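# Coordinate analysis (summary)
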Amino acid sequence: MGCREEFRKQFKEENPNNKLVAVVGKAAGDKWKSFTDEEKAPYVAKAEKRKQDYERQMQAYNRRLEGGHGEEGSDKSKSEVNDDDEEGSGEEEEDDE
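A brief look at the structure comes next. (Residues numbered from 1 in each chain as written. Predicted model: local features only at pLDDT ≥ 70, side-chain atom pairs only at ≥ 80, totals over all residues. Heavy atoms only, no water.)

Looking now at the pattern of salt bridges. Overall, the coordinates contain three salt bridges when judged by the stated rule. Close ionic contact of Lys-49 with Asp-53 constitutes a salt bridge, the shortest N to O distance being 2.8 Å. Taken as a pair, Lys-49 and Asp-53 lie in helix H3 (residues 37-67) at a separation of four residues, close to a single helical turn. For Asp-53, a relative accessible area of 13% gives the class buried. Within this structure, Lys-49, Asp-53 and Arg-56 form a network of salt bridges that share partners. (Salt bridge = Lys/Arg side-chain N within 4 Å of Asp/Glu carboxyl O. Helix = DSSP H or I, 4+ residues; strand = E, 2+ residues; numbered from the N terminus. Buried < 20%, exposed > 50% of the residue type's maximum accessible area, 1.4 Å probe, protein only.)

Glancing now at the packing of helix H1 (residues 3-14) against helix H2 (residues 21-34). Remark: H1 packs on H2, axes separated minimally by 10 Å, with the N-to-C direction vectors making an angle of 125°. The orientation of H1 with respect to H2, classified from their angle, is oblique. Relative to H2, the crossing made by H1 is right-handed. Residues Cys-3, Phe-7, Arg-8 and Phe-11 of H1 form the contact with H2, whose participating residues are Val-23, Val-24, Ala-27, Ala-28, Lys-31 and Trp-32. (Axes fitted to C-alpha atoms, helices over the stretch in contact; angles between N-to-C directions. Parallel < 35°, antiparallel > 145°, perpendicular 65-115°, else oblique. Left-handed = near helix turned anticlockwise from the far one by under 90°. Contact = heavy atoms within 4.5 Å.)

Structure below.
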């Protein structure tokens, strides 16, 4: 689970009556800003990996669109997406800053 997801879960447990997204976002931003570079490092590394995976998948997708490689490329792309996204959240950690 990413930094943002962990924070949201904990925040909801501590503040069950708060339903305002802006309040949760502000609290998460303040928490992120309080982290040291060392505390941020695992999340930054994970975000960079996800970004590289996304860029690789987009290049493959664009090549398929331009070249019309058909179903063979699609199967590989689907496999890569399912294998790489272990958490299934689809959200990028870079937004935590």
